Amino acid sequence: MKRKSPPTHRLLRGRRAYAAGQDAEALAAAALTAEGWQILAQRCRTEAGEIDLIAEREGLLAFIEVKARPSLAEAAFALGPRQRARLVTAAEAWLATNPGHGRVGMRFDVMLVAADGTIRRIADAFRIEET
């Protein structure tokens, strides 16, 4: 009988990061809902990549990247150009299969979540032209 080896440090770190990401996304979704946003999708997978949250309020569609770090300052620097480009491509893929949303516009937001649960949203964090 083959013995299972104990999980590696890397695997455990990955599991913790995944759980922390889910917790941060749940906090972000709750904050958006409290502000009147309707959550259309969470952890939405497209052929171009994953979108953390997709929400709509009064015809405004927001594709939201959630970044959890020990502090808001660290989270603010966590979204690089490659991730922005991936998010734009994933949003285009989602829109192609979900027409009829965003009748008054769309934007890309970033929600920062600190380890203490503090949340900050950067509305319209970047434009397609900036990717």
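Now for a look at the structure at hand. (Residues numbered from 1 in each chain as written. Predicted model: local features only at pLDDT ≥ 70, side-chain atom pairs only at ≥ 80, totals over all residues. Heavy atoms only, no water.)

1. Digging into the sheet that holds strand β4 (residues 105-114)
With mixed pairing, five strands are arranged side by side in an open sheet as β1-β2-β3-β4-β5. Each having just a single partner strand, β1 (38-46) and β5 (119-126) make up the two edges of the open sheet. The average undirected angle you get between the axes of adjacent strands in this sheet is 30 degrees. (Pairing = 2+ DSSP bridges. Helix = DSSP H or I, 4+ residues; strand = E, 2+ residues; numbered from the N terminus. Axes fitted to C-alpha atoms, helices over the stretch in contact; angles between N-to-C directions.)

2. Here we look at the pairing of β5
A regular strand places its side chains on the two faces of the sheet in alternate fashion. Where β4 lies against β5, five bridges are found, and the strand directions are antiparallel. Directly across from Val110, in β5, lies its bridge partner Ile122. Taking the residues between adjacent antiparallel strands as the criterion, β4 and β5 are bridged by four residues, where Gly117 takes a positive phi near 95 degrees.

3. Describing the pattern of salt bridges
Between side chains of opposite charge, a pair can form as their charged atoms come close. In this structure the tally under the stated criterion is seven salt bridges. Put simply, Glu35, Arg107, Asp109 and Arg121 are held in one network by salt bridges that share partners. (Salt bridge = Lys/Arg side-chain N within 4 Å of Asp/Glu carboxyl O.)

4. Examining helix α3 (residues 81-97)
Here α3 spans 25 Å end to end across 17 residues, near enough to the 24 Å set by a 1.5 Å rise per residue. For α3, every residue scored as buried is listed here: Arg84, Leu87, Val88, Ala90, Ala91, Ala93 and Trp94. Tucked into the core, α3 has its buried residues touching β1, β2 (49-57), β3 (60-69), β4 and β5. (Expected span 1.5 Å × (residues − 1). Buried < 20%, exposed > 50% of the residue type's maximum accessible area, 1.4 Å probe, protein only. Contact = heavy atoms within 4.5 Å.)

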